[in-house]
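Structural overview for review
Letter by letter, the chains look like this.
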Amino acid sequence: MKKPNTIIISLAAVAAVSAACWLLLVAPGLTGNEVNMTRGVTEHAEMNYSLHMIALWICAVIGILVFSAMFVSIVLHRKSRGEEPAKFTHSTKAEIVWTIIPVLILIAIAIPGTKGVVLMEVSPETEMTVKITGFQWRWKYDYLEDDISFISSLAPDSNAARRLQSGVVPAQVDNYLLDVDNPLVLPVDTPVKFLITADDVIHSWWVPDLGWKRDAVPGFINEAWTRIREPGIYRGQCAELCGKDHGFMPIVLKALPKDEYRAWVAEQKQVAAVEAENVQRLWSRAELMQHGESVYATQCATCHQADGSGLAPAFPALAGSPVAMGPVEEHIEVVLNGRDGTAMQAFGEMLTVTDLAAALTYTRNAFGNDTGDVVQPQAIARIKNG
Amino acid sequence: MANEHTDTHASTHEGAHDDHHDHKPTGFLDRWLFTTNHKDIGTLYLMFSLMMFLTGGLMAMIIRAELFMPGLQLVEPDFFNQMSTMHALIMIFGAVMPAWVGFANWMIPMMIGAPDMALPRMNNWSFWILPFAVTMLLSTLFMDSGGPASGWTLYPPLSLQTGDSFAFVVFAVHMMGISSIMGAINVIATVMNMRAPGMTLLRMPMFVWTWLITAFLLIAVMPVLAGAVTMLLTDHFFGTSFFNAAGGGDPVMYQHIFWFFGHPEVYIMILPAFGIVSEIIPTFARKPLFGYAAMVYATASIAFLSFIVWAHHMFTVGMPLTGELFFMYATMLIAVPTGVKVFNWVSTMWRGAMTFETPMLFAIAFVILFTIGGLSGLMLALASVDLQYHDTYFVVAHFHYVLVPGAVFALMAGTYYWLPKWTGHMYSERWGKIHFWLSAISVNVLFFPQHYLGLAGMPRRIPDYSVQFADFNMISSIGGFVFGASQLIFVGVILHCVFKSRQAASDQVWEGARGLEWILSSPPPYHSFNEPPPINSSTVAHADEYAH
Amino acid sequence: MIEQRDIAKQRSRAVVTAWILAAVAAGIFAAYVLAAVLAQ
C-alpha cells in the first residue's frame, strides 16, 4: 500500500514546490511592476540578462528538487504516521554523487560566466571618450575629444519634492528622483570609452540599461566601455553610498541617432561660445541676481538651504555669514577651492565662470545680506587664470 | 593568564557531591558581575544579545518606516544613513556574534564533558567588555557630529567625513574585536584541552566542531579588522594617508583589508548555525546525523574557502581580468561544501520518524530559507552579472536571507531546543509555534520582494526612491513590522519559561535527544562535569563509529 | 572503567594554548599594520 502512496505524494510535493516557485518568480511580474533585470540596450546588458536568467532557472530547478525531497520526507516520515526511524548514517556513494553533480553544474555556469567577464573587460577600439567624475552629490561629464564639459544634478522639481515632509506627492513629479538638469548625451552604435573617477568620496556610476556599474574612486581612474543600440532615455543612480544625498544623484543618459548627436555637439559648442562672450562683457546687477538665484537653487540650496539658513552643524548659514558678508576675495576663494575638512566643495571647476559670478553676487545680496557687491564674470576669470 | 587560583578551585571540587556543586554565589554582584561560571556568563551573553537584537531591530523599524512609501516622511537622509550603519553594526557585533558566544559558553563544556570553560576569568572579562563597547558605539548617535553614517563597512574616504565621534566608533570596534578574540581563544583552549577522556575530536557534536572552526576564523580575521580601523583612525586624526590617494594611499586597499576580514566574518555568523541545525534535525528525526564526517570536512572547507573569496565584494571597483575570474571561480566553489551540508540535512530527515516541535520548525525553515540565500549567493558570484546586482536590494535580500532566516532562525531554534535544559521548565509550545509561523511568514514578506526591487534597479542604502519601487517597498515594510512585532512573542515565551512555567523538563527533554548535555539534570548543576562522563553510543550524538 | 583525568593539568595546558593563540592574533594585527606602513 505504501508504494503508490509515496509516488503520489512525491508528485504532489514537486507540484506544490513548483507552484510556490512560480508564485515567487513569475507571478509578481503579472502585477505590472518591474520585477526582473532589464534586458537593456547594449551587448553587456543582454549578456548579463541571459546569464542572470540561466543562473536563476538553474537555481530554481535545484531548489524545486531539494525542497520537494524535504517535503516528501516531512509528509511521509513522521512519527505520527507510525514510522520507525531508519538506521543508515552515511553513504560514501551519495556524498560523491552530490559533490560531483554540483561541480558539473558550476562548470556549466562558469563557462558563460567567464565570457561575460571577458566581454566587460576587453574593450574594442573606441571612437570617443567621456570622463565621468563623481562629486558629492552630482556628476560631471567631460567629452575629451569635443571639449564639452558640464555638471549633471538632480532636477529641481525632484529636488524640492524630496525634502523632509515637503508636502509634494512624489507620484506627481515627473521621473521622481530619476531626472537631472543636464543629461549625458551619447550617440548610438558608437563604441564609447568611459574614464570614471571621483573628486571626494567613492561613487558608483550605474545605468542598468547599459548592463554594468563601475566605482568612481578618488585618485584613481576606472575604464569601462559601451555601445548603445537604440536611441532613448536611460535612467540610473549612484550605487555606492556617498553621504547624505547618495539617493539624490541620479544619472540620465540620452542616446541619440548619430546625426542628431552631431547636431547636439555643435549646439554645445555654440553655448560655449556664448559663455566665452558672457565672460567678456559686463553684467548688470539685476542680471547677475536673476541668474544667480537659479544657480543657487540647483547648486547651493541643497546644503545651505533656499533661504540661506543652512543646516547645523555641517552646513553653515549664509544669511549674515562672515564669509558672505566679508571681503569678497575670501568669499571667491572659498567657493572656487572649497574648504578642507568640511563638506564645502571646490566649485571652481564644476560651474561656469558666469554661474560662479552670479551665485556669488546672489549670496552677497540675498537673505538680508547687504554688501551691495557685484561680482563680474571677468573678475572670476582673472582669479582662475591666476 | 595566571590561573592557579581557578586550577585549585576546580580540583578541590573534583569528586565532591553534586549538591556541593550548586553553591552559586549569593550576592547579585558576586553572581553576575564577578562570575566565572560558564552558564552564568552564557546567560549574560544571551540576554545582552537579545537586548541588542531588539535595539538593532528598532533601527530596522525606523528604516522600514521611512521606506514605507516614496518621499521623506520621518527622518533626514543623514539620520537614515546613521540608522542603516548602526543597525548593521549592532546586529553583527552586538546581537549575532555575542549570541553565538553565549551558546558556546553554555553548551560546549556540557557537550564535551568539561566542568567549565578553560579560562573562566578571561571569560568574564570578554563578556563585560561588550556592554561598554556597545554603549560607546550607541552614544555617538547623541553626539554633535552624529553617529557613523558611512555603512558598516566604513569605507574611506566617506567614513573619514564622520566627525569626532569617529574615534568612539573605532574604539568600540576595537573593544568588540578584543572581546571576540578572547571568546574565541577560550573556545579553542577549552575544546583542545578540556574534553572528557574518550571524547575524541571526531566524536564531538557538530555544534562544537563548527564553533571550533569559527573560533579559528575569529582569531585569524578580527586582528585584520582592528588593523583596518586603526589605520582609519590615524588617517582621520593623525594625518596619515593609508587610504588617501592625495597622500599616496589607496582607498581600495581598505576594501581589500576590510573584506579579508569581512568575508570570513560572514561564516563566523553562519557556521555555528550549521552546528545547531545539525544537532536539532537528528533529535527530531530520531535518526543520527547523516554523513557526520562529511559535515566536519565540509565545514572546514567552507572556512578555508572563506579566505580566498573576499574580492567578490569588490567586482565593481575595477580589478584585472584574472582577478575577477579567480574570485568568481573560488566563490562558486563554496556552493559545493554548502550543498553537501544541505543534502546531508535532507538525508538526515529522510526515513526518520519526525515530530515538529518549535526547534525543529525553526531548523527546517533554516534549511529552506538559508538555501534560498545560498542560491542567490551563487548568482551573485557571477562577476559580470554582479556588475548589475552589486549594491542593489538584490544583495540586501541575499544577505538578509542568510542572516535572518539563516543565522537568527538557528539562534531561535537553539534557544527553544536548550531552554528546557537551561531552566528546567518547558516553554509554551503553543506560543513557540505562533512565534514560529508569524516569523517564518513575515520574514519572507519582508525580504523576498527585495529581490524584485534590486533586479528592477533600486540601489541599497537610499532613504527615498522612485515611485516605480513603491509597491514592493510597502509590502516589504509591512512584512518588517509584523516580523518585528512577532519577536516580542519570543521575549514573552522566554520570560514565561524562565519565571512562570510550572511544567518541569525531564533530563533528556526531547525523546530523540542524544549527547552529553542530556545526561545532566535539567537545570544542570552549577559546574557541569567534574567527573568524566561515560562516552558511549548513548552519549555520543552522531559520531559514525557509534551510530550503528 | 572510566579513565581518570587531571583537570589541573588540562587547565594548565589550556593556558598555554591561550597564550599561543593570543600571540597569533597580536602577530596578525602587527603584520597587517606593518605591511600597510611599509606600503606607504
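This one's a predicted model, so the numbers in the text were calculated from it and none came from an experiment. (Residues numbered from 1 in each chain as written. Chains lettered and ligands numbered in written order. Predicted model: local features only at pLDDT ≥ 70, side-chain atom pairs only at ≥ 80, totals over all residues.)

1. Considering the interface of chain A and chain B
Listed per partner, the contact involves 83 residues of chain A and 82 residues of chain B. Elements with a contribution of two residues or more to the side of chain A that touches chain B: helix H2 (43-76), helix H3 (92-121) and strand S7 (212-216) of chain A. Examining the composition of the side of chain A that touches chain B, we find that 16 residues originate from one element, H3 of chain A, more than from any other. Here the residues of the side of chain A that touches chain B are counted per class, giving 45 nonpolar, 22 polar and 16 charged. (Contact = placed C-beta atoms within 7 Å. Helix = DSSP H or I, 4+ residues; strand = E, 2+ residues; numbered from the N terminus. Nonpolar A, V, L, I, M, F, W, Y, C, P; charged D, E, K, R; others polar.)

2. Considering the packing of helix H9 (residues 251-285) of chain B against helix H10 (residues 292-305) of chain B
All names here are of chain B. Direction vectors running N to C along H9 and H10 enclose 170°, while the axes themselves pass 11 Å from each other. One finds that H9 runs roughly antiparallel with respect to H10. Contacts between H9 and H10 involve Tyr267, Leu271, Phe274 and Ser278 on the former and, on the latter, Met295, Thr299, Ile302 and Ala303. (Axes fitted to C-alpha atoms, helices over the stretch in contact; angles between N-to-C directions. Parallel < 35°, antiparallel > 145°, perpendicular 65-115°, else oblique.)

3. Considering unusual backbone geometry
Of the consecutive residues Pro156 of chain B and Pro157 of chain B, the connecting peptide bond is found in the cis state with omega at 0°. Relative to the helices and strands, Pro157 of chain B is located in the loop between helix H6 (120-139) and helix H7 (165-193). Positioned with a positive phi, Phe367 of chain A is a non-glycine residue whose angle comes to about 50°. As for its position among the elements, Phe367 of chain A is in the loop between helix H10 (353-365) and helix H11 (377-384).

4. Focus on the pairing of strand S10 (residues 250-256) of chain A
The two faces of the sheet receive side chains in turn, since in a regular strand these alternate between them. All names here are of chain A. In terms of burial, S10 is largely enclosed, as 5 of its 7 residues are buried. Pairing of strand S4 (residues 184-187) with S10, which is carried by 4 bridges, proceeds in the parallel orientation. What sits directly across from Pro187, in S10, is Leu256. Both strand S9 (residues 232-238) and S10 contribute to a ladder of 6 bridges, which runs antiparallel. (Buried ≥ 20, exposed ≤ 12 C-beta atoms within 10 Å, placed from the backbone. Pairing = 2+ DSSP bridges.)

5. So, the interface of chain C and chain B
Counting from both sides, the interface comprises 23 residues of chain C and, opposite them, 33 residues of chain B. Considering only residue class, the side of chain C that touches chain B consists of 15 nonpolar, 4 polar and 4 charged.

6. With respect to the sheet that holds strand S5 (residues 192-198) of chain A
Residues and elements named next belong to chain A. Strand order in this open sheet of 5 strands is S3-S2-S1-S5-S8, and the pairing throughout is mixed. Both outer strands of the open sheet, strand S3 (148-152) and strand S8 (222-226), are each paired with one neighbouring strand and no more. Ignoring which end each strand starts from, the neighbouring axes of this sheet average 20° apart.

7. Comments concerning the UniProt feature "domain: Cytochrome oxidase subunit I profile" (unreviewed entry) in chain B
Here the UniProt feature "domain: Cytochrome oxidase subunit I profile" (unreviewed entry) sits at residues 32-536 of chain B. In the segment residues 32-536 of chain B, helix accounts for 68% and strand for 0%; the C-alpha atoms at its two ends are 35 Å apart. (UniProt positions renumbered as here; feature names shortened; annotations may be inferred.)

8. So, the UniProt feature "transmembrane region" (unreviewed entry) in chain C
Sequence positions flagged by UniProt for "transmembrane region" (unreviewed entry) are, in local numbering, residues 12-39 of chain C. In this annotation, residues 12-39 of chain C is assigned 100% helix and 0% strand; the end-to-end C-alpha distance for the span is 41 Å.

9. Examining the nonpolar core
Residue and element names in this part refer to chain B. Judged by nonpolar contacts, the single largest core of 297 residues is most densely connected at Val277, Phe366 and Ala413. Of all the elements, helix H5 (residues 77-112) adds the most residues to this core, at 22 residues. Excluding residues within four positions of it along the chain, Phe366 makes contact with Ala273, Val277, Pro405, Gly406, Phe409, Ala410 and Ala413. (Core = buried A, V, L, I, M, F, W, Y, C linked by C-beta atoms within 7 Å.)

10. Brief notes about the pairing of S5 of chain A
All names here are of chain A. Where strand S1 (residues 128-135) meets S5, 7 bridges bridge the pair, whose relative direction is parallel. Along S5, the bridge assignment pairs Thr129 with Lys193. Sheet analysis places S5 next to S8, joined by 5 bridges and oriented antiparallel. Directly across from Phe194, in S8, lies its bridge partner Ala224.

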